[in-house]
Structures are given as structure tokens and as C-alpha cells.
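Survey of secondary and tertiary structure
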Amino acid sequence: MSMSQLDAETTTILAKLDADKALRPDEPSLPVGEWMGKNLFGMGQGSPWAVVRSTLLTVLFGLLALFSYRGFLNFVFSEERRWDAVRTNLRLLFTQAYPDENYTRVWVTVAIVAALAGLSLGLMKVGRGLSMKRIATWCFAWGGLIVVGILLREASALTNADGSIQLDVDKQPIREGFIDKLGERGTWWVLGLVLLVIGSVIWFTLGDLRRRTTFVPAIPFGLVTLGLFISSVWWFNWGNYTFTDDGFTFDPGNKVAGSTQMPWTLIFVVLLVAYLIGQFLLRSERAGTFRGVVNGLWLLAPFVTFWVVLRGPVIDWSHVLSTHLPMALGFIVLGGALLWFLTQPGIGEKGRIIAVALILFALFNWLAAFMGWYPMLQKARLSFLFLGLAAAIAPNFIGDAKQRLKLIYGWVGFMTIFHILVTIINTPSSVEVPTEDFAGGFMITVYVAVFTMIFSFPLGVVLALARTSRLPLFRMLSTVYIEVIRGVPLITLLFFFSVFVNLFLPEGMELSGLAAVTVAFVLFSAAYLAENVRGGLQAIRRGQYEASDALGLTTVQRTMFIVLPQGLRVSIPPLVGQVIATFKETSLLAIVGVFDFLRIARDVIPAQTEFLGVKQENLLFISAVYFIVSYSMSKYSQRLEKQLGVGER
Amino acid sequence: MSISDATTFTSDEMASRADMIISDGVDKWYGDFQALKGVTATIKEREVVVVLGPSGSGKSTWIRCINRLEQHQGGRIAVDGVELTNDTRNIEKIRREVGMVFQGFNLFPHITVLDNITLAPIWVRKKPRGEAEQLGRDLLERVGIPEQADKFPGQLSGGQQQRVAIARALAMEPRIMLFDEPTSALDPEMIKEVLDVMKELARSGMTMMVVTHEMGFAREVADRIIFMESGEIVEVGPPEHFFTNPTEDRTKLFLSQIL
Ligand SMILES: Nc1ncnc2c1ncn2[C@@H]1O[C@H](COP(=O)(O)OP(=O)(O)OP(=O)(O)O)[C@@H](O)[C@H]1O
Ligand SMILES: [Mg+2]
């Protein structure tokens, strides 16, 4: 064989190996017996001690796991559990006393989220998907858990004809025999065995290599699973339990109410259609742009759903036309003209002076408000500040008309959205909710968490930049702020804000209780975010700053294009950790008197005459919801990390 | 201009050229340690100067003072007729005229090779994106890696990264290029590809100030060699004189150690 032939052959072999490696993420499977021997019983290390040690640990922890599992099942499925308290009060838990006649607004909100989620999923750059091996393993695990669960759980208590539980002399429930118990749990048997059978079919019809190299796209797989689940409201007797303004309904032998079936079905359709649209857009060349637009919509969604959908503002058109509209147009047109002027080539020092003057004027407006010198709409004060900031970044847009227009378009778009949203906030709501807040339950938990994230993130980034700044004043202020906030328990801050903050505000600037505690959450979360971001910023090597300076980038440009993108990327894991923490910490709302998710579960439901004192069930349920949301976020962050290639520079 | 034009000068010709970099009695302290002690030299238009010296002699410090990555505390520095003072406008002006290539490349790892090159032209020179991208691709062609435009820096070899760094600096269309040990972090087989690019640049008439330990390069390309030690310029001269017939004892010692 000549040298060149060998080369060609080697090349093809190598290419094949590479292709193979790309397709094979999972390790080759060992036969089951061997796997257990190696991983559970320490075999194959050639040492009898390893075998004894591993076997002992496996048996010990295995028993511990089994006992905990049995305890958990006995608790959940015990006859004493009042799960109907949760099922009946689902609406209360999620939206509290949001009025029935306006409930469509809630569904629209969920549908908007579903539409955005569908678009995002459709536009996602997807990886390989789930391998058959993974799916089979998953089926085995869940099927196994269910069957083991059936065997482990104690037998059901016998009941009398009237439904009450038969008790023995010690007042303990009389339970049925083992065989009866096994025979009774029909649905669970079906579910467990079906999963085991599916797993086995996949496992034994496909060879090891095929198992590992056949992939099912994860998102369609997930959507089909979700679709099946949602469709079950039409064909499975989940039981109809409701609690509305009209009172309680208990109807165990029936399907869920039509007022639940329809919205969820529609929402699923919205999700599906949005996903398909996303898939269609993904094929186009401008998929990246669409992705950006969808991300922008996500950012807008909390505001839009909160104010436009949930509050249904009653707009006084004559007032809007006479004051709000002219003011908005003034800022848009005159501000735009000023920015056009500031981006002309050769504006030089004059531009900076104007920008600084505007920012000082904007800040002075607040001072004037505190001192009561002259009145001005809050909206106008904010607009001046935004104009000052826009003027400050204007030098980056100096250039030809195209370059300059970018800033103008940005200004017009931002101001339009800002003025519309703020005008809507300031008008009274047509939705009359019995409590002080616009809603309660899970909805308020989510809104507080989302707004906290939206506002604390920029604040945290600014604090981090200030803390790493070269200017000692910035550094000091930011350090003091961060250290003070981090040295105070969140709950203290919440009490302080819910009780005292209005005493410090000038007249006409009152905050509602909920707004006040949200501010507290923002301030608190920002301090922690700042520290996480600072960690990321400090991981950036000095050479990056030097290269940017040597190229002549300004400090703002260096921060925007070089420092922040890299710093934030490094800090994704702690940032998501902080977001999850914030989400869970919103449960402190219950303590300062807001009817949040936790408070409904802990205080409201146990006070209902039907479910007096029922607490554990609700708490377990909301824990599960908290867990599902947190776990999804953590999974998403892992995905994001991989996508952005954190760590591989 | 032919190659011989750019590499050999008569002293008359030199004298008639404009001064690009003037360093006049530059002092620099780090705490109470004086890293530069009255460094005085003038670099002419289209001249290639190689700065040699033992480690810690202040070569990097000096070259970094010229585009204000370090701030000098005594003496004066003027670049292309603009004096470096605390006036940020002057610093901006000088940084636009001066490109710099670092020992560690310092490419931006989170954006593509092409974006690395076009970032400053777009945002500092205010070039339209299309024009900047064309320029970027041309420069990649010039440094010999047009096919790497859409990769990320981390996917390139060291030699390729350094060539991108050179292209990035050139994209600002500087009149002066500073090189601080551009090949010291490279494996031997990649040094040549970078030096070749630098030679081509020298031939094209770029004013260059190069800190390097590549004696072959110094001998072949330099118009003048500046030898530094302990923060001072010890000896200055054309390569043929410097390598064969140095006057100072310290220079002789240095040469005997490295050659
Ligand atoms: N940031 C700094 N703080 C304190 N001392 C410094 C700093 N930077 C450099 N020095 C000192 O200044 C002197 C000159 O350093 P410089 O980096 O300029 O040397 P060099 O000639 O480039 O050496 P090398 O060939 O090793 O790169 C050295 O003694 C160094 O320790
Ligand atoms: Mg050095």
C-alpha cells in the first residue's frame, strides 16, 4: 500500500470517527448486570474491600431512599389528605379574587405568554434532541418508580357504606389486604406498566448504537406530551371542583368545567400555532432579527399584560388628547430634533455640555419636587432624564444620515412605548378587585418577581460598573449601597418599605403597598446582582481594556461592546441563581400582608369553612409549583451557558 | 516604491522626513521605582525602529506610554505633531493614528474575527458597516487568512490570531504601528507567518516601533535599533553597526548573551 493511499484512508476513517462522535453524546451502554456491579457494588476494581464498602453504602442509602419514598407516598395518598382543598381552590391560588366577569383578561394574559413562548421555542437553535436511550431510561425510571410505589404504599383503609373510614379499637384505620391493595390500583398499574413496556420496546428493538444515535427533537416531543395532557381535560374524569363567586362545586365523577377546558385548549392551540410560525420564521434569513424582536416583546409583555389586559384602564380621551398626547409629541419631536443636532459631525465639546446640562436639569426637577418649588408630571421628569441619557450616548451615533437615524428611531420608539404605558398606568382601572392589589396568588408572585428582575437588573449592572469604576466617588457610593443592603435582612427592608416609605416621599408621590415592597425587592436584588456582575467583570483580562483603548473606543463603547457582553456571560450561572432566589423570596410578600401564593395557601384556604385547617396539602402543592418554575429556570440557564460557550474562550 | 528604497536611507533623506514620534526626556515611575529615566528619541515617518533590551529594561513601558496605555510623569511625548497631555481630545486623536499589537493578541473572544476588525472603524471612525466589512475582508486577505472571517478568535491558531490582531489595528488606518513582542507568545512554527506580515507592512512604508527578541527580523527590517537598559537608552544605531560593532559595553554584553 502506498503512502498516499494510506493517507486517504486515514482521512476517511478520521472523518467518520468525527461524524460519529458528533452523533454520539451518550456513552456506550454496559449490560445491566455489569453496570450495577460496577456502579452499585464496587466490582471490577479488583479489591474485596471496595465491594464490601460500595455494597454497604448502596444498601444503606437504597433503604433510606425507599423509606423516604414510602413515607412520601403514604402522606400524599393518605385518606386524611384533603387534596380537594387544592383542586377546588386552584383559581384562588393562582389569581385570588380576580372577578369572574373579567376572567377573560387572565386568559388573554396567559395566551400572550403562550404565544411568545411558542415563538421563542420555534425560533430556538435546537441541538440534537433526546436520544432513544435517554427516552427509554426515562421510561424505565418513571415506570419503575410507579410500580415500586404501588408495592410500597400502605394499603387503603376500608370505608363504610357512608364513605367514612372503618376504625379498629385503637382508632386506627382498618386496611385492606396486600393482594386487594395490588388489585385496587388499576390506573397506576396501567401507567407504570405502559411506561415500562415502551421503555423495553425501545431498548430491545434498537441496538446499542442505534439507541444512542436516534434522536427525537425535544421541543415537538415536549409539545406532543403537553398536548396529550391538555387534551385529557376532554376525555379523562379529573373531577369538577370549583370555587367561584357563586360558591363551591364538588363533582368528582365528572370532567373539569367547561370554563377550564376551553381556555386551556385555546391556549394550547395558540402555543402550537406560534411555534409553527416560529419554525417558519426560523427558515428565513433574518431569523436572528426575529429572535431579537421576540426578546423585545418578552420584555414588553409584563407591562402590557399588567396594565392593558389586567387593569383595563378607563381612558379619559379628552384629557389624553389635550395634555398627554401633546406632551408626548413634544418630547418625541423636539427631543428627536435635538438628538439630530447632537449627532452632526463636528459637534465636539458642545454636545457633551448639552448632555450634562440636560441630565443636571432632569435631576434638578426631582429636587424641585421634593422641595415643592414647582410641579411637573412625573412622566415629564423621567422623559427629561431619558433625553439627557440619549444626548450622552449621541456622540456614538455621529456619522452619515443612516447612522444618525438609528438613534432617532430608537428615541421615537422608546418614547412612544414609554408614554403610552405610563399614560395607561395613571388612569383608573375598570376591573374592580376586592383586595387592594390588582390580583393575588401566583399571579402576583410572578408579577412581583418579573418586575423585580426587570428593574433590578439594569440597576445591578450600573452598580457593578460603578463599583469597578476608576472614579473614587462612584466606587464609594456603590460600595456603601451594596454593603448596607447586603447587611440588612430582606424582611426588614420589606417592613420598612411597606410601612415607612411614604413618609419620606413628597406629597403626590405616594406608592401603594405593593409598589413599595416591589421597590424594596428591586433595591435588595440589585445589590446581589451587582456583586454577581462584578465577579464577571473582574474575570475580564486587562488586555481587553488595553486593546479597546488602543483602538480608540470611548469608555461607553468599551463598556457596551467589550466589557459587559463578556462580563455578563461569565456571570450567567450566578445571575440565574439570583433570579431563582428572587422568585422564591417573593413568598415574603405573605408576611407584609399581600395575598400572594403562599398567603393563600397558608392563611386563606385553611380559613374556608369547607377546608378548615387544611394547610399541609396546599403548602406541598405550592412547593411543587415553586420547584417546577425554579427547576425550569435552572435548566434554561444550563442551556444558555452551553449556547454562549461560557468558559470556552 | 521599491524595497531597497524603504530599507536603506541616507542621513539626508532621513533628516528631511517628518517626525512621527518624539519622546523627549520621558520619565515614568511605578511608586518609587523609576521605570523610564529621561528616554529621548525621535522616530521619523516611514521608519522602522526595533527596541531591544533585557527583560525589565522598560521597553514595554515606553512603547505603552506612546499611546497612553501608561501615563508618563516627566518629559514630553508628541505623536504626529500632537502632544500627549491630559486633554482627552489629544489622546483620542493619537489613538486613532496609532495601532498597537500586543504579545497576548488581546482579541475580543466573544465576537467574530470580522467583527473584531470592523468594530473600531464603525464606532470610532464612523464608517458605514458595508464599507467597514469590505475593508475588514481586504485586510484579512492581506494578512493571508481571508477564510477565517466568520470564526471566533478561540477557533484560530496563535499565529492566525496575531495576524487578526494586526489586521484589527490596521483597520483604523493608522499612521504608526506599535508592536510589543508580537511573536513571544507563539510556537516557533508560527513566528514566521507573523513576521512575514510585519515585513510586508514595513515595506509598504508604515512607521513602526517594534519591541522584539527576533534578531533576524531586527537585522533585516530595522532602520535603526534602540537598545535600552534599566529605563535608559544605551545605544542607538543602524543594524549593521549595532550588531557588528557596538560601542557600549552593556550592548556588547547583551549581544553576547543572546546571539
Ligand atoms: N504596573 C507596574 N507596576 C509596577 N512596576 C511595573 C509595572 N509595570 C512594569 N513595572 C516594572 O517596570 C520595569 C519595566 O517593565 P517593562 O514591562 O517595561 O519591561 P520590558 O523591558 O518590557 O521587559 P520584558 O522584556 O520582560 O517585557 C520592570 O522592572 C517592571 O517590574
Ligand atoms: Mg515587555
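Provided above is the structure to which this section pertains.
Just so we're clear, the structure is a prediction, and the values are computed from it rather than from any experiment. (Residues numbered from 1 in each chain as written. Chains lettered and ligands numbered in written order. Predicted model: local features only at pLDDT ≥ 70, side-chain atom pairs only at ≥ 80, totals over all residues. Heavy atoms only, no water.)

Focus: the overall build of chain A
When its secondary structure is counted, chain A shows 26 helices and 4 strands. Dimensions of chain A, computed from the C-alpha atoms along their principal axes, are close to 90 × 90 × 50 Å. Buried positions account for 38% of the 649 residues belonging to chain A. Roughly 35,800 Å² of accessible area belongs to chain A as shown, and the carbon and sulfur atoms make up 70% of that amount. The average position of the 52 basic charges and that of the 43 acidic charges among the side chains of chain A differ by 10 Å. (Helix = DSSP H or I, 4+ residues; strand = E, 2+ residues; numbered from the N terminus. Buried < 20%, exposed > 50% of the residue type's maximum accessible area, 1.4 Å probe, protein only. Areas by Shrake-Rupley, 256 points an atom, 1.4 Å probe, with all protein chains shown as cover. Lys, Arg positive; Asp, Glu negative; His and termini not counted. Charge placed at Lys NZ, Arg CZ, Asp CG, Glu CD.)

Considering the site of ligand 1
Residues and elements named next belong to chain B. Taken together, the residues surrounding ligand 1 are Tyr 30, Phe 33, Ala 35, Pro 54, Ser 55, Gly 56, Ser 57, Gly 58, Lys 59, Ser 60, Thr 61 and Glu 181. Between ligand 1 and Ser 57, the relevant distance is 3.2 Å, taken from an oxygen atom to a main-chain nitrogen or oxygen of the residue. Here Lys 59 contributes a side-chain N or O atom positioned 2.8 Å from an oxygen atom of ligand 1. Contact with the protein chains hides 61% of the accessible area of ligand 1, taken as 640 Å² for the molecule alone. For the shell around ligand 1, the secondary structure elements donating two or more residues are strand 2 (33-44) and helix 3 (59-66). Here the shell around ligand 1 takes 3 residues from helix 3, the largest share from any one element. (Near = heavy atom within 4 Å. Polar contact = N/O pair within 3.5 Å; in protein donor to acceptor, adjacent residues only side chain to side chain.)

Brief notes about a positive patch on the surface
On the surface, Arg 128, Arg 134, Lys 635 and Lys 642 of chain A cluster together to form a positively charged patch. Turning to its location among the elements, Lys 642 of chain A is positioned in helix 26 (residues 616-644). (Patch = residues over 30% accessible without salt bridge, like charges linked within 9 Å, V, L, I, M, F, W, Y side chains within 5 Å. Salt bridge = Lys/Arg side-chain N within 4 Å of Asp/Glu carboxyl O.)

A short note on the interface of chain B and chain A
Often, the extent of an interface is quoted as the loss of accessible area on bringing the components together. Each partner contributes residues to the interface: chain B has 24 residues there, and chain A has 27 residues. Taking both partners together, chain B and chain A bury about 2,200 Å²; carbon and sulfur atoms supply 61% of that area. Broken down residue by residue, the surface that chain B buries against chain A is led by His 110, Trp 123 and Lys 126 of chain B, which jointly contribute 30%. On inspection of chain B and its partner chain A, the count reaches 2 salt bridges. A salt bridge links Arg 64 of chain B to Glu 546 of chain A, with the shortest nitrogen-to-oxygen separation between them at 2.7 Å. Our count for the chain B to chain A interface comes out at 9 residue pairs in polar contact (both at pLDDT 80 or more). Contributing elements (two or more residues each) for the side of chain B that touches chain A: helix 4 (88-97), strand 6 (98-101) and helix 5 (113-123) of chain B. When residues of the side of chain B that touches chain A are assigned to their parent elements, the largest contribution, 4 residues, is made by helix 4 of chain B. Its residues assigned to classes, the side of chain B that touches chain A comprises 13 nonpolar, 5 polar and 6 charged. (Contact = heavy atoms within 4.5 Å. Buried area = accessible area lost by both parts, 1.4 Å probe. Nonpolar A, V, L, I, M, F, W, Y, C, P; charged D, E, K, R; others polar.)

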